[in-house]
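Structural features, examined
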Amino acid sequence: MASCTATVPSLVASGDQLYGQRICNQPFVNWAWDVFDFDWGDWDHGFGAEDPCNINLPLARTLNAIYCLTYSAEDYRNESYDADILHWGGRFARSHIDELDARCGDGSKVAATAWGVWDNYTDLYLVYFYQRSVPERAGTLIHESRHADGKGHDKGNLDSSWEYNGAWRWQVCWLSWFAATGVRTSAAMRTIARQRANTILATWFVKPPGFTV
Ligand SMILES: [Zn+2]
């Protein structure tokens, strides 16, 4: 990796083994590369540009998340905004995220999005690649797409409330729908998603919504 290294945790526990078989498909790689505007120079030098099927590397692990974000609704071809977020989340993310870039990060941040500047972008860090499971990474893409849409946090890195309708709420909603109705996945992945949703509910709202999923 460019200037950072990481230990790869269990590929089974993270879901990368499960999804890795699916993303290793040239038409899918080409499609995802295009719609999320990946650039070679942001993903080479160890991040996986030369090896998109290698689930030990950041690019394939991000492609796994994009697959999960795109195909987890039973009728995934229905991306209507009248349906739930599990249906339209992928559509929203790819139409609002300007470009996805791999970076080392500082070891604590998961991802960051710059918006309202001349060239918007979303950076994904080592925590995202190696300390989050596939559906959790998908949830982060939803979170960042809400920022790319122009909605920041209103209390530091926290959202003031559920009613604020910010990135944390959107992430919880996607994870909850995935946990309840997600397909082309496993029971273990759905459990991880529910746990992450509950962690967010307990942690990232100034006024906790008062329910769990
Ligand atoms: Zn955020």
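Use the structure listed above.
Residues numbered from 1 in each chain as written. Predicted model: local features only at pLDDT ≥ 70, side-chain atom pairs only at ≥ 80, totals over all residues.

Turning our attention to the overall build of the protein. When its secondary structure is counted, the protein shows nine helices and three strands. Along the protein, from the amino end to the carboxyl end, the secondary structure elements read α-α-α-α-α-β-β-β-α-α-α-α. What you see for the protein is a C-alpha radius of gyration of 16 Å, in line with the 17 Å of a compact globule of 213 residues. Expressed as a percentage of its 213 residues, the buried residues of the protein come to 44%. (Helix = DSSP H or I, 4+ residues; strand = E, 2+ residues; numbered from the N terminus. Rg over C-alpha atoms; globule rule 2.2 N^0.38 Å. Buried ≥ 20, exposed ≤ 12 C-beta atoms within 10 Å, placed from the backbone.)

When helix H5 (residues 85-96) is considered as a whole, its buried residues turn out to be Ile85, Leu86, His87, Gly89, Gly90, Phe92, Ala93 and Arg94. Packing partners of the buried residues in H5 comprise helix H2 (26-35), helix H4 (58-71), helix H7 (134-148) and helix H8 (167-181). (Contact = placed C-beta atoms within 7 Å.)

Let us now look at the packing of H7 against H8. H8 packs onto H7 with a crossing angle of 145° between their chain directions and a minimal axis gap of 8 Å. The handedness of the crossing between H7 and H8 comes out as right-handed. Mapping the contact onto sequence places Pro135, Gly139, Ile142, His143, Arg146 and His147 in H7 and Ala167, Trp170, Gln171, Trp174, Leu175 and Phe178 in H8. By residue class, the composition of the contact of H7 with H8 is seven nonpolar, four polar and one charged. (Axes fitted to C-alpha atoms, helices over the stretch in contact; angles between N-to-C directions. Left-handed = near helix turned anticlockwise from the far one by under 90°. Nonpolar A, V, L, I, M, F, W, Y, C, P; charged D, E, K, R; others polar.)

Quick look at the environment of serine 14 now. Note that serine 14 resides in the segment before helix H1 (16-23). Considered as a pair, serine 14 and alanine 188 are 174 residues apart in the sequence and their alpha carbons are 9.4 Å apart. If near-sequence neighbours (up to four positions away) are discounted, serine 14 is found in contact with Pro9, Ser133 and Val134.

In spatial order, the strands read E1-E3-E2; together these three strands make up an open sheet with mixed pairing. Whereas interior strands pair on both sides, the edge strands pair on one side only; in this sheet they are strand E1 (100-102) and strand E2 (111-114). Direction aside, neighbouring strands of the sheet carry axes that sit 25° apart on average. Where E2 and strand E3 (residues 121-124) come together, four bridges link them in antiparallel fashion. Note on E3: the bridge partner recorded for alanine 111 is leucine 124. The sheet contacts of H7 involve E2 and E3, and relative to E2 the element is tilted by about 20°. (Pairing = 2+ DSSP bridges.)

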